Amino acid sequence: MRHSNISWACLLLLCFASMGDAEYMKYKDPKQPTNSRIRDLIGRMTLAEKIGQMTQIERQVASTDVMKKYFIGSILSGGGSVPAPQASPAVWVDMVNEFQKGALSTRLGIPMIYGIDAVHGNNNVYNATLFPHNVGLGATRDPDLVRRIGEATALEVRATGIQYTFAPCIAVCRDPRWGRCYESYSEDHKVVQQMTDIIIGLQGEIPVNHTKGIPYVAGKDKVAACAKHYVGDGGTHNGINENNTIIDEHGLLSIHMPPYYDSIIKGVATVMVSYSSLNGVKMHANHDLVTDYLKSKLHFRGFVISDWLGIDRITSPPGANYTYSVQAGINAGIDMVMVPYDYTDYIDDLTSLVHKGIINMSRIDDAVMRILRVKFTMGLFENPLADLSFADQLGKKEHRELAREAVRKSLVLLKNGNSPNQQFLPLPKKARRILVAGSHASNLGYQCGGWSIQWMGGSGDITTGTTILDAIKSTVADSTSVVYSENPDDSFMKHNEFSFAIVAVGEPPYSETVGDSTDLTILDPGPDTMRTVCSAVKCVVVIISGRPVVIEPYVPLMEALVAAWLPGTEGQGVADVLFGDYGFSGKLPRTWFKSVDQLPMNVGDPHYDPLYPFGFGLTINSSMPGFSDADNLGDTKQRVFFVALCSLLPLVLISDLGIGVFQHLADLL
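Residues numbered from 1 in each chain as written. Predicted model: local features only at pLDDT ≥ 70, side-chain atom pairs only at ≥ 80, totals over all residues. Heavy atoms only, no water.

1. Overview of the overall build of the chain
- Of the regular secondary structure elements, the chain holds 24 helices and 17 strands.
- Partitioning the intrachain contacts of the chain with sequence separation of at least 6 by distance along the chain shows that 76% fall at a separation of at least 24.
- Taken as a whole, the chain presents about 25700 Å² of accessible surface, with 54% of it coming from carbon and sulfur. (Helix = DSSP H or I, 4+ residues; strand = E, 2+ residues; numbered from the N terminus. Contact = heavy atoms within 4.5 Å. Areas by Shrake-Rupley, 256 points an atom, 1.4 Å probe, with all protein chains shown as cover.)

2. Side note on the state of the cysteines
- For the coordinates displayed, the defined rule picks out two disulfides.
- Across the disulfide, Cys 173 is cross-linked to Cys 181 (sulfur-sulfur distance 2.1 Å). Disulfide Cys 173 to Cys 181: torsion about the S-S bond roughly -105°, handedness left-handed. Just as Cys 173 is buried, Cys 181 falls in that class too.
- Each disulfide in the chain links cysteines that, numbered along the sequence, combine into the pattern 1-2, 3-4.
- Of all cysteine sulfurs, the one in Cys 169 lies closest to Cys 226, which takes part in no disulfide; the gap is 9.8 Å.
- Cys 226 gets classed as buried once you look at its relative accessible area, which sits at 0%. (Disulfide = S-S within 2.5 Å. Buried < 20%, exposed > 50% of the residue type's maximum accessible area, 1.4 Å probe, protein only.)

3. A look at the sheet that holds strand β11 (residues 337–338)
- The strand order β4-β3-β2-β1-β11 describes an open sheet built from five strands, whose pairing is parallel. Each of the sheet's edge strands pairs with one partner strand only, and the pair in question is β4 (164–165) and β11.
- Two strands pair when backbone bridges link them, and strand β1 (residues 55–58) and strand β2 (residues 74–77) are joined in this way by three bridges, in the parallel orientation. Note that in β2 the partner of Gln 56 across the bridge is Ser 74. (Pairing = 2+ DSSP bridges.)

4. Looking at the packing of helix α13 (residues 322–332) against helix α14 (residues 343–355)
- Look at α13 against α14: their axes get within 9 Å of each other, and the N-to-C directions meet at 65°. The angle between α13 and α14 falls in the class roughly perpendicular. Crossing handedness for the pair α13 and α14: right-handed. Here α13 contributes Tyr 322, Thr 323, Val 326, Gln 327 and Ile 330 to the contact with α14, which in turn contributes Asp 345, Tyr 346, Asp 349, Leu 350 and Leu 353.
- Here the contact of α13 with α14 is built from residues that sort into six nonpolar, two polar and two charged. (Axes fitted to C-alpha atoms, helices over the stretch in contact; angles between N-to-C directions. Parallel < 35°, antiparallel > 145°, perpendicular 65-115°, else oblique. Left-handed = near helix turned anticlockwise from the far one by under 90°. Nonpolar A, V, L, I, M, F, W, Y, C, P; charged D, E, K, R; others polar.)

5. Examining the confidence of the model for the chain
- Taken residue by residue, the chain gives an average pLDDT of 92. The fraction at 70 or more is 89%.
- With pLDDT under 50 throughout, residues 8–20 is counted as low confidence; its partners more than four residues away or in other chains account for zero contacts.
- The low-confidence segment residues 622–669, where pLDDT is below 50, has 48 contacts with residues more than four positions distant or belonging to other chains. (pLDDT = per-residue confidence, 0-100.)

6. Things to note about the packing of aromatic side chains
- Tallied over the full model, the rule gives 13 aromatic pairs.
- Considering the side-chain rings of Phe 424 and Phe 500, the 6.4 Å spacing of their centres and the 85° angle between planes classify their relative orientation as edge-to-face. With Phe 424 in the loop between β12 (412–416) and β13 (433–437) and Phe 500 in strand β15 (residues 500–506), this pair connects stretches of sequence that are 76 residues apart. For the pair shown, Phe 424 and Phe 500 are each scored as buried.
- Taken together, Tyr 27, Phe 376 and Phe 381 form an aromatic cluster joined through their ring pairs.
- The positively charged end of Arg 313 is found above the aromatic ring belonging to Tyr 275, 4.3 Å away from the centroid.
- Of note, Arg 408 hangs over the ring of Tyr 582, and the distance from its end group to the ring centre comes to 3.8 Å. (Phe/Tyr/Trp six-rings, centres within 6.5 Å; stacked < 30°, edge-to-face > 60°. Lys NZ or Arg CZ within 6 Å of the ring centre and 35° of its normal.)

7. Some remarks on the environment of His 210
- Relative to the elements of secondary structure, His 210 occurs in the loop between α9 (198–203) and β5 (226–230).
- The class of His 210 is partly exposed, set by a relative accessible area of 26%.
- Each C-alpha atom of the pair His 210 and Ile 265 lies 9.1 Å from the other, and the pair is 55 residues apart in sequence.
- When residues no more than four places from it in sequence are discounted, the contact partners of His 210 are Pro 215 and Tyr 216.

8. Concerning the pattern of salt bridges
- One pass over the full model with this rule turns up 31 salt bridges.
- In this structure, Arg 180 and Glu 183 form a salt bridge, with 2.8 Å as the shortest nitrogen-oxygen distance.
- Given the relative accessible area of 3%, Glu 183 is considered buried.
- Asp 335 is paired through a salt bridge with Lys 295; the nearest N and O atoms lie 2.8 Å apart. In this pair, Asp 335 is assigned in the loop between α13 and β11 and Lys 295 in helix α12 (residues 287–297), connecting sequence segments 40 residues apart.
- Salt bridges sharing partners connect three or more residues here, namely Asp 142, Asp 144, Arg 147, Arg 148, Glu 151, Glu 405 and Lys 409. (Salt bridge = Lys/Arg side-chain N within 4 Å of Asp/Glu carboxyl O.)

9. Points about unusual backbone geometry
- Looking along the chain, the bond that leaves Tyr 230 and enters Val 231 is cis, with omega of -10°.
- Among the structural elements, Val 231 can be located in the loop between β5 and β6 (244–245).
- That bond from Asp 524 to Pro 525 is cis: its omega, 5°, falls within 30 degrees of zero.
- Topologically, Pro 525 is positioned in the loop between β15 and α20 (526–536).
- Positioned with a positive phi, Asn 127 is a non-glycine residue whose angle comes to about 80°.
- Tracing the backbone shows Asn 127 in the loop between β3 (113–116) and α6 (134–140).
- Given the relative accessible area of 28%, Asn 127 is considered partly exposed.
- Even without being a glycine, Trp 565 presents a positive backbone phi close to 55°.
- What makes Trp 565 buried here is its relative accessible area of 0%.

Structure representation (structure tokens):
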């Protein structure tokens, strides 16, 4: 009996000892090195749990039960996919947390990562700050500005409980006929490379001596970024979306690849594969470039994600042989697949391919290791649930001021008067009566472009912001009458007397293939509006577009021409510069063609004959020191005074008298 008691005691001690071992899981210990945590966790995972990590599904088909049953590793909101119209940060956070609780309730409690297309601010979300689209940011040539935009965007994404954005697009758009050209910073890879500083803003400043290729996300106020679309998406034949990029190795590596070098050095967490093909090979099935080049040669250690239904498009027509598409995509090196709806087919096919040995377990483990590295790096295991601590960041005043600054710096002045001595801009704030016209003058949706609240964007008051018309009204003097007529006719112009007119016209909103265009024309009745208004009164035309459009026939009609790109919600930035509170500083990020027959045409081409060359951008006197709103040099009398002052400069250089007069006039100013 005594021997039996000793045996039971030993057994109980063994049980308690084993329970103690079970309670300590190395992967849950933040003090452990990341690689040790990854190895520990992968060693505990079943095939089903690993494949779950490689699966990203749309929020519309997600639930706590789905997360738990299939061990789903990621959820996304596609364009316009929201929990409710005009949903508040609290509604977003509650939804994300509900899904996260499902992931955390699984056997190993691996948190999911939630992704969204925050490509110019958190643009799916009502009341978010919408910054200028990338083409406008490229015009600023200001990496520090873009970094600050990344910081603000990260905060506004975190305000909704989301930890991952499918941005930035670092395509080098070589043909404006491409419907995604506004998502590209420039036709010049060097400008795009500069703009990859947005990754530092989104993810955080990379530590000194950080190992190249290892993803880096600084903490709860940062988000994982995604360099896209790998690689050559901006060089497709005739600018056709998802088409074939025909290029030699030198061209690929010298034009389209350089922004990826910079993104990887800056610690980008993920890379998205392009829908397009390279010399006939679908990028989603391109082992040489995804595995051999990106992962092996460039030492990228984050995870590679497919585009929306990207592996389906490996075959033509899409989905014709889905099992083959899964095989080709995963074996090419894709780690996480954006399914987004039929996730069970994907999971079943991938499971079967592994059981049959067609996809090796080593490939599965590589994918899961990369996904877990990003999740561990960004602290998801320690802080999986969101709260409302960032809720006040959405649409924050400081962020809107930053967007307004970005708008000002993105504006490119293409024409200003018919000679240097007859400049039309800046406009006087004190005018008797001014006309504002055009389809884009009082349309916030048109001003924001695609990827704004909805995937394709929209028309009218899609969110909160300031239209160009409202900005003009708040800028001019109280005594100035502002008349708005979207498309005035000849009779209207004849029976009204205006000091001058501002005409805002351009493209309708669009995204992706819908935006592909062979004629690149201004939306009707824009051309008629320009002709009617500018023939009757002196006018400045503001072009709201995602790319250069056909404008040459109308340039002689206008006094001034401004490219404003797709400025986003803060239209006040346009008025700031038109009326001289700030100077023009933007430079063309793209060549402005004379005729679409010239396309494709990029700087350095032998047949280069543009209307306005790459890098072109006029400046005016308002950019000179002392020419500020406080001076109100928009006033006509003071303009004359300023010109007289400048005319004395030669005298200043040759006589003491000139110096004295110049000093006296300067004191008066």
